Amino acid sequence: MNKNFGKSSVSLFKGVPLSYILVALFLLQIFLAVGLTAYLSISNGQKAVNEVASELRHQVANRVEQNLQTYLSTPRQVLRGNQNIIDIGLLKMENLTTWESYLIKQLEIFPDAIALTASNEQQEYLAVQKFNDRQFLLRYAGKSTGYDLYTYRIDNQGQRTQLPEVIKKYDARSRLDYQAAVTAKKFTFSRIFTPLTEPTLLISASLPIYNSQGQLLGVNSTLTRISQIGDLLQNIKVGKSGQVFIIERSGLLLASSTTEEPFRVQNGKPIRLAASQSGNSFTQASAKYLATKFSNFDQIQSLKQLDFFFDGKRQFLEVRPLQGEQNVNWLIIVAVPEADFIGQIDRNTQTTIFLCLGGLGLATLLGIVSARWITQPILYFSRVTKDLADFTNNEDSVVIVQGIKELKVLGESFNEMMQQLRKTFNVLSTKNEELELQVKQRTQELKEEIEERINSERRLSHHNQALAELANHRAISEGNLETAFKIITQKAANALEIERVGVWLFNGERTKLQCISLYERHNQIHSAGLERNLADYPIYFKTLVSARTIAVTDPRTDLRVQELSDELIEPKNIISLIDTSISVGGEVVGTVLYEQIETPQTWELSEQNFVSSIAEFVALTLEVCDRKRAESALHEAKEAAEIANRAKNTFLGNISHDLRTPLSSILGITEALQDQVYGLVSQEQRQYLNMLESSGKNLLELINQILELNDIESSKIELQLATTSIQELCDSSLSFVKHLAFQKNIQLSVQIPEQLEPIQVDERRIRQVFINLLTNAIKFTKEGGKVWIEVQPNSTNEYIFFSVVDTGIGMLSDDLFKLFQPFVQVENSSIGRAAGTGLGLVMVQKIVELHGGTVHAESQLGKGSRFTVKLPWKKVGEWGVRTNY
């Protein structure tokens, strides 16, 4: 079909290329709009960036300097406060043992400090260090320790636990912080150092303590982690990607607002990191620029604002020396990319948008004019080419376009393209027929694959159903081996659709495998009794122990099972087999063997997983059986213990009568002889009678205490609970032991809060507890000492604490665990073995536990002991504290 287009409307552009017209018009518009906009944006944006960058750097540096001065002033405040307390006499540098609780409280008040220490000229040393949120480490050396440094762990209740770390002949005066403080004669900071115990940076602050005459008493120090400075810097936001870091004059990195640590760990030891070697590229580039700008960082004595280029982009820097501490010589560096400051640029962007809109309007006007020149021939071209889209039309059609040169060339090209498309269409028709045939073939293949997947899912469903039935079977949960193994082998054979499944276990000597249960699916019978000797099949047994599963498709070519071929595999016509080991307690105790005949089988992953699960059920059955046997043995042992306990009670009841009756007679006759009822006795005879009476009374007391202890343990004693006055209970207990205290000139007292509500206890039993504790306290306190009772409720008034305290000889912490053991007494070198039965404290513990309470003992050799009784108690009302003497 021939089409013609008139020349009149486009005669002006006849022969002129379309690209020339479009390029000329649109370039004119773009250059006018973008050129003016770019000039204004760049000029105003650069001015805004410089102003904002300078203001931000200065503000950030001020904030960092304030935080550092606050951080460094904390140790000074702590140490100055301690000096004030020493000056008014509340703490003594000559006696550091009184500092312990104070330093612990001080660590809780000042979370920045990780350790506080005190040392004096008498070679005493006391250090308290945070161990975790609830515990502390205490290190002490002094005269009482032979100037050896001992380390203790202190829990949240103030209880000490001695650690094995001991440093012999420790002299704190040789410590660097001690010598530095003495040399400076004033408050001073140490150099930053890395400890051996953990990867971190530390700084120490020390203050020498002098008396009013100017004599050195000792040194008080704090220890602080530098990592806390990094935490402060990370909380400071510097634009979008700016950084703050602090370095020493030597160039070593101190802290950074990034997560980078200022050190690296090499061979287990922390090594300080120079800022120019930082793993952060921005930090490294900033440090290298400063090193190039200043040959020595000591030249930086005032604030410097600089800029440099990194990765082709401008970066702003501010360097400021830290002021306020003479011996802390640090530099604060604030580094901010120029790209972060976009506030002023955004305002300039608004101006740019308005200019662009104006340019767009002009461009639109020119575009409309240009489009009118172009669209008419293009619309014609569109109409005439639409008719050619039908390739089924065999008629040869061409397009003839006149006017614009490009459209004319396009028409000619289009005609050539149409000829090629018609040829291509014919080729594609042929290819389409071939493709349809290929699709049919692929569809058939997919159908077969889907059928195979359905079969696999069906087998997996059978496996899951068999496992679920085994999991719920009673024989497995009860450990019934014979029944359980029959069920397991039958379920496994049916689920896998194979001929034989057997459970084989090693004998006690592990020299052979014994068949415990074998199921044959075709005959539906169970059997047992077959054996395989280790010596006959070494390769198979070695593989069985080392491999979890042995999956064999063709046993004739598999080296792992070829040893079984002549005697087992070929005679039984085994075509394929899979063998999985049974592991109990980490040890292989046997195997589950699956044998297929007639049809070879390739063992899929799901089938291997299934046989592994079956082996786990066998192992579970064995473990349940072992546990049942252990429970039976434990039950028999418990019954034997109960019989023995009843026999003991019967024996003690019988012996009480057999021993107390003759003892009473002996004591009566002894008393009559002492009173000279049967005639005069000599002085030597009287001494022997006194010894006889004392031994008899001790034996009678021992028998009574043993019987009473037995009654408590047998729950034969019923407490007679009654409302009891706490004040009267303490006073009456003290009155029972006054004569003993008077003989040794020991002062008795009670410290009890006023207006305490009564307590529900068995008054006689609790009084017996206090009398036993007071008697022991007086027994182990030298003449002229003190013994007293302290009463103190806890914060919720749910419990009340009764403490019997003495200034006696005390004991070692290693001996405390022996106190509450029957018939055991702690020996002391100063008094030897004390008189007594060794049952008093056992009775105390049993009576207190009957009341629902506890007993706790504390003691220090040469300084006394404290026995604390904790009893349930509830009170309403307010109370105050008073002390009675």
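Rules and cut-offs
- Residues numbered from 1 in each chain as written.
- Predicted model: local features only at pLDDT ≥ 70, side-chain atom pairs only at ≥ 80, totals over all residues.
- Heavy atoms only, no water.
- Helix = DSSP H or I, 4+ residues; strand = E, 2+ residues; numbered from the N terminus.
- Buried < 20%, exposed > 50% of the residue type's maximum accessible area, 1.4 Å probe, protein only.
- Contact = heavy atoms within 4.5 Å.
- Areas by Shrake-Rupley, 256 points an atom, 1.4 Å probe, with all protein chains shown as cover.
- Core = buried A, V, L, I, M, F, W, Y, C linked by side-chain atoms within 4.5 Å.
- pLDDT = per-residue confidence, 0-100.
- Pairing = 2+ DSSP bridges.
- Axes fitted to C-alpha atoms, helices over the stretch in contact; angles between N-to-C directions.
- Expected span 1.5 Å × (residues − 1).
- Polar contact = N/O pair within 3.5 Å; in protein donor to acceptor, adjacent residues only side chain to side chain.
- Parallel < 35°, antiparallel > 145°, perpendicular 65-115°, else oblique.
- Left-handed = near helix turned anticlockwise from the far one by under 90°.

Within the chain one finds 17 helices and 30 strands. Looking at the chain as a whole, 40% of its 885 residues qualify as buried. Pairs at least 24 residues apart make up 59% of the contacts formed inside the chain by residues separated by at least 6 positions. With the model as given, the accessible surface of the chain reaches about 49,800 Å², and the carbon-plus-sulfur share is 53%.

Next up on the list: the nonpolar core. Counting residues in hydrophobic clusters, the biggest one holds 53 residues, and the most contacted among them are Val64, Trp99, Ile229 and Trp330. Discounting chain neighbours no more than four positions away, the residues touching Val64 are Leu233, Ile236, Val244, Ile246 and Ile332. In terms of nonpolar packing, the next biggest core, distinct from the first, is built from 40 residues, Ile726, Leu729, Cys730 and Phe802 among them.

Mean pLDDT over the chain works out to 79, with 78% of the residues at or above the 70 mark. The least confident element of the chain, judged by mean pLDDT, is strand β30 (residues 881-884) at 34; the most confident is strand β27 (residues 799-806) at 94. The model gives residues 1-10 a pLDDT under 50, and that stretch makes 23 contacts with residues more than four places away or in other chains. Low pLDDT, under 50, characterises residues 876-885; the stretch is placed with 25 contacts to residues that sit more than four places away or in other chains.

Once that is clear, we can look at the sheet that holds strand β8 (residues 216-225). The strand order β5-β4-β3-β2-β1-β8-β7-β6 describes an open sheet built from eight strands, whose pairing is antiparallel. Two strands bound the open sheet, and with one partner strand each, they are β5 (160-167) and β6 (188-189). Pairing geometry for strand β1 (residues 113-120) and strand β2 (residues 125-130), over five bridges, is antiparallel. Paired with Ala115 across the bridge in β2 is Gln129. Contacting β1, β2, β3 (136-141), β4 (149-154) and β5, helix α2 (residues 100-109) crosses the sheet at an angle of about 30° to β2. Its contacts with the sheet place helix α3 (residues 176-184) against β1, β6, β7 (202-210) and β8, and it is angled at close to 120° to β8.

Reading across the sheet, the five strands line up as β10-β9-β15-β14-β13 and stay open at both edges, with antiparallel pairing between neighbours. For this open sheet the edge positions go to β10 (253-256) and β13 (304-310), each flanked by a neighbour on one side alone. If you compare each strand with its neighbour and ignore which way they point, the axes differ by 25° on average. When β13 meets strand β14 (residues 313-321), the two strands line up antiparallel, connected through seven bridges. Its bridge partner being in β14, Lys304 is matched across the sheet by Val319. Contacts from helix α4 (residues 227-234) reach β9 (243-248), β10 and β15 (330-337) within the one sheet, and its direction differs from that of β10 by about 40°. Contacting β9, β13, β14 and β15, helix α5 (residues 281-293) crosses the sheet at an angle of about 120° to β13.

Helix length check: α5, at 13 residues, gives a terminal C-alpha distance of 18 Å against a target of 18 Å (1.5 Å per residue), a fit within 8%. Within the span of α5, buried status applies to Phe282, Thr283, Ala285, Ser286, Ala287 and Leu290. Taken together, the buried residues of α5 touch β9, β13, β14 and β15. With a side-chain oxygen positioned 3.0 Å from the backbone nitrogen of Phe282, the residue opening α5 is Asn280.

Across the interface, helix α14 (residues 726-736) lies against helix α16 (residues 763-779) with an axial gap of 9 Å and an inter-helix angle of 50°. Considering their axes alone, α14 and α16 lie oblique with respect to each other. Remark: the crossing between α14 and α16 carries right-handed chirality. Side by side, α14 and α16 meet where Leu729, Ser732, Ser733, Leu734 and Phe736 of the first sit next to Glu763, Ile766, Arg767, Phe770, Ile771 and Leu774 of the second.

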